[in-house]
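Close look at the chain arrangement
For reference, the chains in residue letters:
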Amino acid sequence: MKRMPGTFVTVAALLLCAAMVMRPHAAVYAARDAVFLCMNVVVPSLFPFLICSQIFIRGGAADLLGRWLSGLMRPLFGVPGGGALAVVLGIVSGYPIGAACIAALYQNGNCTKAEAERLLAFCNNSGPLFILGAVGVGMLESERMGVLLYTVHLSAALLTGLLFRRFGGKKCPAAAAALPPPKEARRGADALGEVAAAVTDAVRSIAKICGFVILFATVSAALPGGGITPFVYGLLEITGGIRAIIASGAVPGTLLLAVVSFFLALSGVSVLLQTAAIVLPAGLSLRTYLLGKLTQATIAFLLTYAAVRVA
């Protein structure tokens, strides 16, 4: 059983190589389109925010916000006060920073395993610049739709947190709920060093994101033709998948925004792999994360559909 994941990955890689050999033109054109998507939509909309989010984290502002919000966490979400940091970063920074914060909280003893997995259910979300910029302005060509999608995305995440507040085991002791001490303010060369490190980390992050976009675009080229292909693509990777769903015209106008909202909340296999690479080594399970994503996606679909019908 332990060899099953490795065997699956090996078989999947072999199938991908075989598909690329059998359909080389489709694979090349799909990869080319994905590079174009990254350079014209993903990088301009995400890269500046990645830099700002890294500076935000390194400067200690996230710790401070976490302290301000800590009083809300236990009654609302059934997690210790330190979990506020994961909520804040999960909202403002996008995938997979929320998951990384949760893993760190668990490894530092700020919460139990059950509480960390409960946080995973709703604290790993799409960032505002991706939804507002990449999807709203870049794909739907509507800032208003981007605002609606992001509002629903956050609402669905918080509602999922409320639904999962009693999910799992016991709470951690009150003493473990304290956040780590805030970082000291830095000046001069230290501050410049932090900015340089933030840019370096942002470059790594954007390279990883674009790498997954290109990889799953190539995978999608091997899928059989037909109306379901864009939806399978959306399950694999949300950036190219959502663009394919919008471009396909397969979804009626009244449902399109709700379907896009569903896939934004579900996040896809690409984000799942990024999250797994962070939380599994920390000793956390993906079961609650997957249940949370399915719940959030369903809520997002229903909220968006209702909002479109009312409008």
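Okay, so let's go over this structure. Nothing here was measured: the structure is a model prediction, and the numbers come from that model.

Moving on, we get to the environment of Thr160. Structurally, the position occupied by Thr160 is in helix H8 (residues 143–163). Between the C-alpha atom of Thr160 and that of Ala297, which follows or precedes it by 137 residues, the distance is 9.5 Å. Dropping the residues within four chain positions of it, Thr160 is found in contact with Ala121, Phe122, Gly292, Thr295, Gln296 and Ile299. Looking at Thr160, its side chain comes within polar contact range of the main-chain oxygen of Ala156, at 2.7 Å.

Running from N to C, H8 and helix H14 (residues 287–310) point in directions that differ by 135°, and their axes come no closer than 8 Å. Regarding the angle of H8 to H14, the classification is oblique. Considering only the axes of H8 and H14, their crossing is right-handed. Along its contact with H8, which presents Leu148, Val152, His153, Ser155, Ala156, Ala157, Leu159, Thr160 and Leu163, the element H14 presents Gly292, Thr295, Gln296, Ile299, Ala300, Leu303, Thr304 and Ala307.

With respect to the secondary-structure elements, Gln274 resides in helix H13 (residues 268–279). Residues contacting Gln274, with those up to four places away along its chain left out, are Pro96, Lys208 and Phe212.

A separate point is H13. Counted at 1.5 Å a residue, the expected span for H13 with its 12 residues is 16 Å, and the 16 Å between its end C-alpha atoms agrees. Buried within H13 we find Gly268, Ser270, Val271, Gln274, Thr275, Ala276 and Val279.

The next thing to look at is the packing of aromatic side chains. In this structure the tally under the stated criterion is 5 aromatic pairs. Between Phe164 and Phe167, the ring centres sit 5.2 Å apart and the planes meet at 40°, which makes this aromatic pair tilted. According to the relative accessible area criterion, Phe164 is buried, its value standing at 7%. Ring centres of Phe301 and Tyr305 lie 6.5 Å apart, and the angle between their planes is 0°; on these two criteria the pair is classed as stacked. Linking Phe301 with Tyr305, this pair stays in helix H14, spanning 4 residues, or about one helical turn. Through a chain of ring-to-ring contacts, the aromatic side chains of Phe231, Phe262 and Phe263 assemble into a single cluster.

About the cut-offs
- Residues numbered from 1 in each chain as written.
- Predicted model: local features only at pLDDT ≥ 70, side-chain atom pairs only at ≥ 80, totals over all residues.
- Heavy atoms only, no water.
- Helix = DSSP H or I, 4+ residues; strand = E, 2+ residues; numbered from the N terminus.
- Contact = heavy atoms within 4.5 Å.
- Polar contact = N/O pair within 3.5 Å; in protein donor to acceptor, adjacent residues only side chain to side chain.
- Axes fitted to C-alpha atoms, helices over the stretch in contact; angles between N-to-C directions.
- Parallel < 35°, antiparallel > 145°, perpendicular 65-115°, else oblique.
- Left-handed = near helix turned anticlockwise from the far one by under 90°.
- Expected span 1.5 Å × (residues − 1).
- Buried < 20%, exposed > 50% of the residue type's maximum accessible area, 1.4 Å probe, protein only.
- Phe/Tyr/Trp six-rings, centres within 6.5 Å; stacked < 30°, edge-to-face > 60°.

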